[in-house]
Amino acid sequence: MIRAYVRVNQHEEALKLYVSMLEKSIQPDKYTFTFVLKACTAMSDFERCILIHEEVVRRNLESDVFIGTGLIDMYSKMGDLESARMVFDQMPDKDVVAWNAMISGLAQSAEPIKAVDLFKDMQFIFRINPNSVTLLNLLPAVCKLMDMRACRGIHAYVYRRAFPVSVRNALIDTYSKCNHPNVAHRIFLELTGKDDISWGTMMAGFAYNGNFHEVLEMFDSIKTTSLKISKVSAVTALLATGEIGDLGRGKEIHEYAIQEMIDSDIMVATSLMTMYAKCGLLDKARDLFWGINGRDLVAWSAAIAAFSQSGYPQEALSLFRDMQNEYSQPNNVTLVSVIPACAELRAVRLGKSIHCHAIKASIDSDISTGTALVSMYAKCNLFNFALNLFNKMPLVEVVTWNALINGYAQIGDCYNALEMFSRLRLTGLHPDPGTMVGALPACALLGDVRLGGCLHCQIIRYGFESDCHVKNALIDLYAKCGSLTLAEFLFNKNDFAKDEVSWNTMIAGYMHNGLAKIALAAFHSMKFESFRPNVVTIVSILPAVSHLTCLREGMTIHSYIIKSGFQSHKLVGNSLIDMYAKCGQLDLSEHIFEEMKSTDTVSWNALLTAYSMHGEGDRALSVFSLMENRDIEVDAISFLSVLSACRHAGLVEEGRKIFHHMRDKYHIEPDVEHYACMVDLLGRAGLFYEIMDLLKTMPMEPDGGVWGALLDASRMHSNIELAEVALKHLVKLEQGNPAHYVVLSSLYSQSGRWNDAGHTRVKMNETGLRKTPGCSWVEVKKGI
């Protein structure tokens, strides 16, 4: 009866029956304990497990191979590997099942290398032949270690023996997770008797490595076989369509799922939701969720994850609140799904309340929940909380370290990001591709191409270079460090399976190096090679159009934005406002702003900047007042834009008032650029005494912008004395800039001081400086 309850997963009933058995003075035997241990393990009831172990010891049954194996399995699944190993080492006779249980426990632990060592001991010291279960238990450890040598050794062992197809499927999975999808695909092609799991595993392997077009090709191929497409294959195909944003293919797979009557399955329905969400059809995704009959906690968790991962964190939080009305106790899967949404929205208060719930439910020590919380605190810049939680976690895996490394890198704290990377390596854990993707941007921010090259060497040694995300991070590193030749070399390598991110990175790299025309050419090449530009592409290329003031090109891209449905994205709207303003179309900038359904501080700042560059000071002041009245957050950029508008329009009194409000009302400390604006504003009005008082109050040293503004004002009002003071500082700060000498020489000439003008010209020539000739350009047809 106890065994029967265990088999149908009624573990509490099995344990109640065991207690009744003891109460009736019926002595349990070794089989009783085997089943009872399974029930305890399934319920994760550690205290009861300890009591049963004590009872086993009292009855001298610990050496029994079945009970010993049950104890090893129990302690392994509870995370107590030390106790599991103690039981294993004390067993006098160990069969292959006992070895398998211990290997499985170690493979799932933080030290998977011990599983590989035990596998070697099993064969070479104890002369026990592994079976298919041994290999299936061991291969997850090989995946964690990214150990290609061990993978090849196991592959050779399997190749020489007749193992079932499940082992070869596991090899496909292992090679894929070790970033060698080409080898995995070779095994798949050579495999006789492929089943639906073989196809699903290979498709999942391609998806894991970002080869989404290959996933869809396999999906088309499997339809030509006699096999029925599994739910896993359908889910993977939907994942691929979502990632590449191919709504047409997504709809085709949806229709196929309806024909095969698997669309109502929770896994497939969730993948459909995610696909539609990633393709921008939020209403369709929402309708699919509410159409699922008998929604359980799993369905809610899956829906929250779908919206959170697809870039709709607000929708994910809304669903989480709706879910709490039906299920007051979310599980760890739900929490792991909703915590990233809190991080995205910087909803710290809700994140902390979820953390409290996790502590009360005793799931805060769960590796996935703990990692999600560490990541959330890091993204919210609460590193004290993140580190405190990190240090208290009983088990820390590479992904937890990655959360901290990425968190530091994202806020620009390069030194702490790289220190965490060093500490990770000292623990003996091997970095994974995610670690490198976190560490490389830190090197890029530092501009340290030498350190980045060292990381590149490690990437090659670990075999991560074929990983698309790692390759993109390397391209970004070299581009930001000015090594465009290396970036282009990696980008153009024949074995590199580019994706949209690769193109976006290269376009951004060209823009970072001031090569707007080449960036625009890369954008056209991307479309020519049948890659679909996404929101990031658009936001990256519009500054190139702005830089070149190429209005025709900008309007063409705007048309593409409308056709692709990207106009609802705030980032795109903000970029369009800026682009039209810089191309001289202020009315179009206003039109874009008015049409935006949702605006933020950046949107308002873009409009402020547009008015500023067009000399519309009064309208800029009106927009700034509107921001204050509507409680829209104003930041340092808002003040810089409105001050710049005041200086262009000569609005001295208004500029003074705004500058003082910046510190007194909004508690924002002016930066050197704000001081440069005020110097220019006051200088144009000839208020030089006020300028000198302002310079004395500056908490930082004036830079070239401040002294340059003073020099221009001095030229405008023929104030040679102050012009000479400004030039004295500018020569020290900007030694290679000839413009300042030209301004002073012109000022001397206007005042009739021809000797001084001549001396200035001679001094300029002696230092090897040449006046940069002016230039202008005009757009003719498709050329500039």
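Predicted model, so just to flag it, every value in this text is computed and none were measured. (Residues numbered from 1 in each chain as written. Predicted model: local features only at pLDDT ≥ 70, side-chain atom pairs only at ≥ 80, totals over all residues. Heavy atoms only, no water.)

K.L.:
Describe the overall build of the chain, listing the residues and the values that go with them.
P.N.:
Within the chain one finds 46 helices and 0 strands. A burial count over the chain gives 49% of its 784 residues as buried. Excluding contacts between residues fewer than 6 apart, the proportion of contacts in the chain whose partners are at least 24 apart in sequence is 59%. In the structure as shown, the chain presents an accessible area of about 38300 Å², 53% of it carried by carbon and sulfur atoms. The average position of the 75 basic charges and that of the 87 acidic charges among the side chains of the chain differ by 4 Å. (Helix = DSSP H or I, 4+ residues; strand = E, 2+ residues; numbered from the N terminus. Buried < 20%, exposed > 50% of the residue type's maximum accessible area, 1.4 Å probe, protein only. Contact = heavy atoms within 4.5 Å. Areas by Shrake-Rupley, 256 points an atom, 1.4 Å probe, with all protein chains shown as cover. Lys, Arg positive; Asp, Glu negative; His and termini not counted. Charge placed at Lys NZ, Arg CZ, Asp CG, Glu CD.)

K.L.:
Please give an account of helix α29 (residues 468-480) that cites residues and values.
P.N.:
In an α-helix, one turn spans 3.6 residues, which is why side chains three or four residues apart end up on the same side. Here α29 spans 18 Å end to end across 13 residues, near enough to the 18 Å set by a 1.5 Å rise per residue. Burial within α29 is extensive, with 11 of its 13 residues counted as buried. Among all positions of α29, only C468, V470, K471, N472, A473, L474, I475, D476, L477, Y478 and A479 are buried. Packing partners of the buried residues in α29 comprise α27 (433-446), α28 (449-462), α30 (484-491) and α31 (500-512). Measuring from the side-chain oxygen of the N-cap residue of α29 to the backbone nitrogen of H469 gives 3.0 Å; that N-cap residue is D467. A positive phi of about 85° marks G482, the residue just after α29. (Expected span 1.5 Å × (residues − 1). Polar contact = N/O pair within 3.5 Å; in protein donor to acceptor, adjacent residues only side chain to side chain.)

K.L.:
Mind laying out the environment of S644, listing which residues take part and the relevant values?
P.N.:
Residue position: S644 is located in helix α39 (residues 636-649). Residue class for S644 comes out buried when judged on its relative accessible area of 11%. Distance from S644 to G655, taken between C-alpha atoms, is 8.8 Å for residues 11 residues apart in sequence.

K.L.:
Break down the pattern of salt bridges for me, citing the residues and quoting the values.
P.N.:
Counted according to the given criterion, the structure contains 27 salt bridges. K480 is the partner of D476 in a salt bridge, and the nearest nitrogen-oxygen pair spans 3.3 Å. Of this pair, D476 and K480 both sit in helix α29, 4 residues apart, which is roughly one turn of the helix. Residues joined by salt bridges that share partners form a network here, namely D220, K223, R249 and E252. (Salt bridge = Lys/Arg side-chain N within 4 Å of Asp/Glu carboxyl O.)

K.L.:
Account for the UniProt feature "repeat: PPR" (unreviewed entry) in the chain, naming residues and giving values.
P.N.:
Feature annotation in UniProt places "repeat: PPR" (unreviewed entry) on residues 1-28, 64-98, 195-229, 296-330, 397-431, 499-533 and 600-634, given in this structure's numbering. Helix makes up 68% of residues 1-28 and strand makes up 0%, while its end C-alpha atoms are separated by 13 Å. (UniProt positions renumbered as here; feature names shortened; annotations may be inferred.)

K.L.:
Tell me about a nonpolar patch on the surface, and name the residues and values.
P.N.:
A contiguous nonpolar patch, built from F124, I125 and F126 and spanning about 360 Å² of accessible area, is present on the exposed surface. Here F124 is to be found in helix α8 (residues 113-124). (Patch = residues over 30% accessible without salt bridge, like charges linked within 9 Å, V, L, I, M, F, W, Y side chains within 5 Å.)

K.L.:
Can you tell me about the packing of helix α15 (residues 231-244) against helix α16 (residues 247-259), naming the residues and giving the values?
P.N.:
Their axes nearest at 9 Å, the elements α15 and α16 cross at an angle of 160°. One finds that α15 runs roughly antiparallel with respect to α16. The crossing of α15 and α16 is left-handed. Facing α15, whose interface residues are A234, A237, L238 and T241, α16 presents R249, G250 and I253. Taken together, the residues that form the contact of α15 with α16 break down as 4 nonpolar, 2 polar and 1 charged. (Axes fitted to C-alpha atoms, helices over the stretch in contact; angles between N-to-C directions. Parallel < 35°, antiparallel > 145°, perpendicular 65-115°, else oblique. Left-handed = near helix turned anticlockwise from the far one by under 90°. Nonpolar A, V, L, I, M, F, W, Y, C, P; charged D, E, K, R; others polar.)

K.L.:
Residue-level account of the packing of aromatic side chains, with values.
P.N.:
Per the counting criterion, the structure on display carries 20 aromatic pairs. Aromatic pair W99 and F126: ring centres 5.0 Å apart, planes at 55°, arrangement tilted. With W99 in helix α7 (residues 96-107) and F126 in the loop between α8 and α9 (132-145), the pair connects residues that are 27 residues apart, well separated along the chain. A residue is classified by how much of its surface remains accessible, and W99, at 1% relative accessible area, is buried. An angle of 65° between the planes, with centres 6.3 Å apart, marks the rings of Y560 and F566 as edge-to-face. Within the aromatic cluster, the residues linked to one another by ring pairs are F88, W99 and F126. For K94, the ring lying beneath its charged end belongs to F88, and the centroid distance is 4.9 Å. In this structure, K194 is placed above the aromatic ring of F188, and the distance from its NZ or CZ to the ring centre is 5.2 Å. (Phe/Tyr/Trp six-rings, centres within 6.5 Å; stacked < 30°, edge-to-face > 60°. Lys NZ or Arg CZ within 6 Å of the ring centre and 35° of its normal.)

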